[in-house]
Amino acid sequence: LAPRLRAWDVNVTWPGGKSVFFQSIRVQPAWSLAWLRGAPALWIALRLPPGEVSGLVLGGDTPSFDGSLRQIALALLPLQEIAPGFQLDGRVDATIDVTLTEAGPQGSARFEAKQGSLTLPVLPIGIPFDELAGDFGFGDETLASVNAFDLAGPLVALTASGTVGRDADSDLAPLAL
């Protein structure tokens with residue numbers, strides 16, 4: 001019953017030059033007390049060829065996203081801004097509940113990707129994988145808690161857990177994996 005904005009065949013170009021095509025976009029106000037704090041609350045549904053993003057987006061001083069990704073191309077994620085030299089290919093399904101605060105991200109993310117590759121800054125080539133799954137928590141004294149991280153592929157299998165600490169320079173962040 002709320003007003004909504006719908007658009008089809010939308011091409012968005014990010015400041016870095018990367019372009020994303022959306023088959024359809026739907027945005028509508030969400031029933032939330034956040035409006036009383038001056039933070040817009042919007043339900044979004046984005047359809048990409050192939051894949052979907054849907055969930056609740058809160059604006060304001062502490063923006064957040066609580067929703068899901070289905071069959072999204074990992075190459076579309078802005079990983080270069082977070083971790084230069086880090087690249088992922090493949091398709092991902094994820095459940096994300098993250099708030100961006102002054103102290104850093106707070107919340108959780110769970111994902112599962114299939115048939116892709118992982119490239120790290122220290123490796124000259126990507127590592128192919130059949131399955132990549134993770135369960136991360138954000139906040140507290142650490143940047144991220146790695147509750148579970150599993151990579152299974154034809155060249156390597158890896159299971160990890162632990163923490164990624166905070167540091168102004170991401171290359172110097174303490175790891176306890």
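You'll find the structure just up there.
One structure accompanies this document, and this report is about it.

Scoring rules and cut-offs
- Residues numbered from 1 in each chain as written.
- Predicted model: local features only at pLDDT ≥ 70, side-chain atom pairs only at ≥ 80, totals over all residues.
- Heavy atoms only, no water.
- Helix = DSSP H or I, 4+ residues; strand = E, 2+ residues; numbered from the N terminus.
- Rg over C-alpha atoms; globule rule 2.2 N^0.38 Å.
- Buried < 20%, exposed > 50% of the residue type's maximum accessible area, 1.4 Å probe, protein only.
- Contact = heavy atoms within 4.5 Å.
- Areas by Shrake-Rupley, 256 points an atom, 1.4 Å probe, with all protein chains shown as cover.
- Lys, Arg positive; Asp, Glu negative; His and termini not counted.
- Charge placed at Lys NZ, Arg CZ, Asp CG, Glu CD.
- Phe/Tyr/Trp six-rings, centres within 6.5 Å; stacked < 30°, edge-to-face > 60°.
- Pairing = 2+ DSSP bridges.

1. Examining the overall build of the protein
- Helix and strand counts for the protein stand at one helix and 11 strands.
- Listing the helices and strands of the protein from first to last along the sequence gives β-β-β-β-β-α-β-β-β-β-β-β.
- Computed over C-alpha atoms, the radius of gyration of the protein comes to 18 Å, within 12% of the 16 Å expected from 2.2 N^0.38 for 177 residues, which places it in the range of a compact globule.
- By principal-axis analysis of the C-alpha atoms, the protein measures approximately 50 × 35 × 25 Å.
- When the 177 residues of the protein are sorted by exposure, 32% land in the buried category.
- Partitioning the intrachain contacts of the protein with sequence separation of at least 6 by distance along the chain shows that 31% fall at a separation of at least 24.
- For the protein, the exposed area adds up to about 11100 Å²; of that, 61% sits on carbon and sulfur atoms.
- Taken as two groups, the 11 positive and 19 negative side-chain charges of the protein have centres that lie 13 Å from each other.

2. Details of the packing of aromatic side chains
- Applying the stated criterion to the full structure yields two aromatic pairs.
- Judged by centre distance (5.8 Å) and plane angle (15 degrees), the ring pair of Phe111 and Phe136 falls under stacked. Of this pair, Phe111 sits in strand β7 (residues 104–119) while Phe136 is found in strand β8 (residues 127–139), placing the two residues 25 residues apart along the sequence.
- Judged by its relative accessible area of 21%, Phe111 falls in the partly exposed class.
- According to the relative accessible area criterion, Phe136 is buried, its value standing at 17%.
- Where Phe136 meets Phe149, the ring centres are 6.4 Å apart and the plane angle is 70 degrees; that geometry is what we call edge-to-face. Here Phe136 is found in strand β8, whereas its partner Phe149 is found in strand β9 (residues 142–152), with 13 residues between them in sequence.

3. Quick word on the pairing of strand β10 (residues 157–164)
- Pairing analysis gives seven bridges linking β9 to β10, with the strands arranged antiparallel. Considered in β10, the bridge of Leu151 is made with Leu158.
- Following β9, the chain reverses through four residues before pairing antiparallel with β10.
- Note: β10 against strand β11 (residues 175–176), two bridges, orientation antiparallel. Across the sheet, the residue bridging to Val164 is Leu175, located in β11.

4. Regarding unusual backbone geometry
- Cis geometry is adopted by the peptide bond preceding Pro50, which originates at Pro49 and carries an omega value of -25 degrees.
- One can find Pro50 in the loop between β3 (41–47) and β4 (52–58).
- If you check the backbone angles, Gln71 has positive phi at about 55 degrees while not being a glycine.
- When you line up the elements, Gln71 lands in strand β5 (residues 64–73).
- Of note, Gln115 is a non-glycine position whose phi angle comes to about 50 degrees, a positive value.
- Here Gln115 lies in strand β7.

None of the figures reported here should be taken as evidence of function without further support.
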